[in-house]
Every structure is written in C-alpha cells, then in structure tokens.
Amino acid sequence: MNSIEDKYKTLFGAYLGMTLMDEYELKEYRLNEIKKYIEDFIEEYPLDNFNYYDYLKYVDKEESNIVKLQDTLRISKLLNFENDLIYLINKKIKDIKHEQD
C-alpha cells in the first residue's frame, strides 16, 4: 500500500469513526465537514483505477471501531475539533476497550 492509500485509509476511518459518535449533537455537521475534506483530498490526490467507495467499505469491514475513532482523533487538529468532541471520542475509545476486557 502506498502512502496516499494510507492517507485515504485514515480519512475514511475518520469518517467512519465519526459515524459512531451518536452522543455528539453536531455529528452530522462534522460528518459533512470530513466528507468535504475527503472530496477535496481526492480531487488533489486522485488515484488511477481506484474505487473509493469499495475502499471505504473495505476500511469499514477490516478496521475495528477503536482504530476508526483513533483516525477521527488524527484528523481532529486538521479540522479544529472542539475539546468536548475530542473528550467524547477518547471516552468512547476507553468505553470500548473496557467492554472488551
């Protein structure tokens, strides 16, 4: 996998991680913001013969919810997430880890 595909994996994971944040009131706003960021990234760094939708499904299937939420944290600085959202994401990660124990 090349570095651009890795970035796509992180971005798609971040989007999917945000879909898990039902407790966040502005979830739809942030989802649209991440989607727009991904669209801009695709426009700037397109990959030939690459099915973005299939890759999104692949990331959804292959990555754990914890990894998806961590990807959301990774882009939080790029998109200037509020501290309360970052707190909620971290709390959700801890809750999932606790459930797995």
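One can find the structure itself at the top, above this paragraph.
Here the structure is a predicted model, which is why all the values come from computation and not from measurement. (Residues numbered from 1 in each chain as written. Predicted model: local features only at pLDDT ≥ 70, side-chain atom pairs only at ≥ 80, totals over all residues. Heavy atoms only, no water.)

Peer 1: Could you clarify how one ought to interpret the environment of Asp 6 in this entry?
Peer 2: Looking at the secondary structure, you find Asp 6 in helix α1 (residues 3-19). On the accessibility criterion, Asp 6 (37% relative accessible area) is partly exposed. Through-space distance from the C-alpha of Asp 6 to that of Tyr 29 is 25 Å; in sequence the pair is 23 residues apart. (Helix = DSSP H or I, 4+ residues; strand = E, 2+ residues; numbered from the N terminus. Buried < 20%, exposed > 50% of the residue type's maximum accessible area, 1.4 Å probe, protein only.)

Peer 1: When you look at the nonpolar core in this model, what are you seeing that I'm missing?
Peer 2: The tendency in soluble globular proteins is for nonpolar side chains to be buried as a group. Tyr 8, Phe 12, Met 18, Ile 34, Ile 75, Phe 81 and Ile 89 are the most contacted members of the largest nonpolar core, which totals 27 residues. Secondary structure elements with two or more residues in this core: α1, α2 (27-44), α3 (52-62), α4 (65-76) and α5 (83-100). At seven residues, the largest contribution of residues to this core is made by α1. The contacts of Ile 75, once residues within four sequence positions are left out, are Leu 11, Ala 14, Ile 34 and Phe 81. (Core = buried A, V, L, I, M, F, W, Y, C linked by side-chain atoms within 4.5 Å. Contact = heavy atoms within 4.5 Å.)

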